[in-house]
Amino acid sequence: MSQRILVIEDQEDNRAILRDLLTSVGYEILEAVNGEEGVRMAEAHRPDLILMDIQLPVIDGYEATRRIKAQGSLRAIPIIAVTSYALSGDEQKARLAGCDAYVTKPFSPYQLLSVIRSHLPTGA
């Protein structure tokens, strides 16, 4: 069974890029278009890893991450912030919300895959 990655991203173009990249290397993809939907999908599907945009409608990626990490059954799921926020302090803010890693857009596909692989549980 392939590993499942939940992509929480409101921009269709960005979701398409991530979908193409991740499915090309064998990951199963789930998609959510806002933070609230992302929290619900994390609860329902228990993905192996989450890619979280920060600037999202309904609730932002910081709050969605806090809600996911507040649940004991979801706390261990790695969350990687994938965001255009690249100002001083943005990475620290994402990590304080509970993100396990931080990748800025535009990203190198090789860099993103490396970060994903380093955070996915082995043998899943």
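Just so it is clear, the model here is predicted, and its values are computed rather than measured.

## Some thoughts on the pattern of salt bridges
Here's step 1: Under the defined criterion, the tally for this structure stands at 11 salt bridges.
Here's step 2: Measuring nitrogen to oxygen at the nearest pair gives 2.7 Å for the salt bridge that ties K105 to E9. Of this pair, K105 sits in the loop between β5 (101–104) and α5 (109–119) while E9 sits in the loop between β1 (4–8) and α1 (12–24), and the two are 96 residues apart along the sequence.
Here's step 3: The partner of K69 in a salt bridge is D100, with the nearest N and O atoms 3.0 Å apart. Within this pair, whereas K69 is found in helix α3 (residues 61–69), its partner D100 is found in the loop between α4 (90–97) and β5, the two being separated by 31 residues in sequence.
Here's step 4: For K69, a relative accessible area of 14% translates into the label buried.
Here's step 5: Among the charged side chains, a network of salt bridges with common partners joins E12, R15, R19 and E31.

## Brief notes about the pairing of strand β3 (residues 49–52)
Here's step 1: Along β3, one buried face is formed by L49 and L51 and the opposite face, lined by I50 and M52, is buried too.
Here's step 2: Here β3 pairs with strand β4 (residues 79–83) via three bridges, running parallel. Across the sheet, residue L51 finds its bridge partner in β4, namely I80.
Here's step 3: Once you follow β3 into α3 and on to β4, the crossover reads as right-handed.

Conventions used here
- Residues numbered from 1 in each chain as written.
- Predicted model: local features only at pLDDT ≥ 70, side-chain atom pairs only at ≥ 80, totals over all residues.
- Heavy atoms only, no water.
- Salt bridge = Lys/Arg side-chain N within 4 Å of Asp/Glu carboxyl O.
- Helix = DSSP H or I, 4+ residues; strand = E, 2+ residues; numbered from the N terminus.
- Buried < 20%, exposed > 50% of the residue type's maximum accessible area, 1.4 Å probe, protein only.
- Pairing = 2+ DSSP bridges.
- Right-handed = clockwise from strand over helix to strand, strands pointing away.

By themselves, these figures tell us nothing about what the structure is for.
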